[in-house]
Amino acid sequence: VQLVESGGGLVQPGGSLTLSCAASGLTFRWYDMSWYRQAPGKERELVATITATGGSTNYGDSVKGRFTISRDNAKNTVYLQLNSLKPEDTAVYYCRGNGLWGQGTQVTVSS
């Protein structure tokens, strides 16, 4: 049972990235899924959540209007689209579901 994130990288301010989190070993369609992030020296914070069916989403105040969470239950994958990126979005991004954490993917926003 595992969650594996991918898609992080270095991007300039104002740029975009799409993160993916592939689940295996669990019945993915049963679970709400979330993205968190943790910047150096800061606590891990909730970025976005999507319900099991994808019918409802919620976002942290700092990313509302810029980030979009989505999922494809046929592919056992949850996504996070990051737009209008700012330097303060620099962090390790983690997905979470069914009490599991992925290993994280680094997003760095810098010119």
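Residues numbered from 1 in each chain as written. Predicted model: local features only at pLDDT ≥ 70, side-chain atom pairs only at ≥ 80, totals over all residues. Heavy atoms only, no water.

Section: the sheet that holds strand S1 (residues 2-6)
Moving on, step 1. Sheet architecture is open: 4 strands sit in the order S1-S3-S8-S7, paired in antiparallel fashion. A strand with exactly one partner marks an edge of an open sheet, and here the two such strands are S1 and strand S7 (67-72). Geometrically, the sheet is characterised by an average inter-axis angle of 15° between neighbouring strands, direction not taken into account.
Moving on, step 2. Pairing geometry for strand S3 (residues 17-24) and strand S8 (residues 77-82), over 6 bridges, is antiparallel. Directly across from Cys 21, in S8, lies its bridge partner Val 78. (Pairing = 2+ DSSP bridges. Helix = DSSP H or I, 4+ residues; strand = E, 2+ residues; numbered from the N terminus. Axes fitted to C-alpha atoms, helices over the stretch in contact; angles between N-to-C directions.)

Notes on the packing of aromatic side chains
Aromatic ring pairs are defined here through the distance separating the ring centres and the angle between the ring planes.
Moving on, step 1. According to the stated counting rule, one finds 3 aromatic pairs in the structure shown.
Moving on, step 2. Each ring, one from Tyr 94 and one from Trp 101, has its centre 6.2 Å from the other, and the planes form 90°; the classification is edge-to-face.
Moving on, step 3. For Tyr 94, a relative accessible area of 13% translates into the label buried.
Moving on, step 4. Trp 101 gets classed as partly exposed once you look at its relative accessible area, which sits at 36%.
Moving on, step 5. Taken together through their ring pairs, the aromatic side chains of Tyr 36, Tyr 94 and Trp 101 make up a single cluster. (Phe/Tyr/Trp six-rings, centres within 6.5 Å; stacked < 30°, edge-to-face > 60°. Buried < 20%, exposed > 50% of the residue type's maximum accessible area, 1.4 Å probe, protein only.)

With respect to the state of the cysteines
Moving on, step 1. Counted under the stated rule, the structure contains 1 disulfide.
Moving on, step 2. Between the sulfur atoms of Cys 21 and its disulfide partner Cys 95 the distance amounts to 1.9 Å. Residues Cys 21 and Cys 95 are joined by a disulfide whose S-S torsion is about 45°; by sign, that bridge is right-handed. Taken as a pair, Cys 21 in strand S3 and Cys 95 in strand S9 (residues 91-97) lie far apart in primary sequence, 74 residues in all. Take Cys 21 and Cys 95: they sit in the same class, and that class is buried. (Disulfide = S-S within 2.5 Å.)

Remarks on unusual backbone geometry
Moving on, step 1. Positive phi outside glycine occurs at Asn 76, with the angle close to 55°.
Moving on, step 2. As for its placement among the helices and strands, Asn 76 is situated in the loop between S7 and S8.
Moving on, step 3. Positioned with a positive phi, Asn 98 is a non-glycine residue whose angle comes to about 50°.
Moving on, step 4. Mapped onto the fold, Asn 98 is located in the loop between S9 and strand S10 (100-101).

In short, geometric facts, not functional conclusions.
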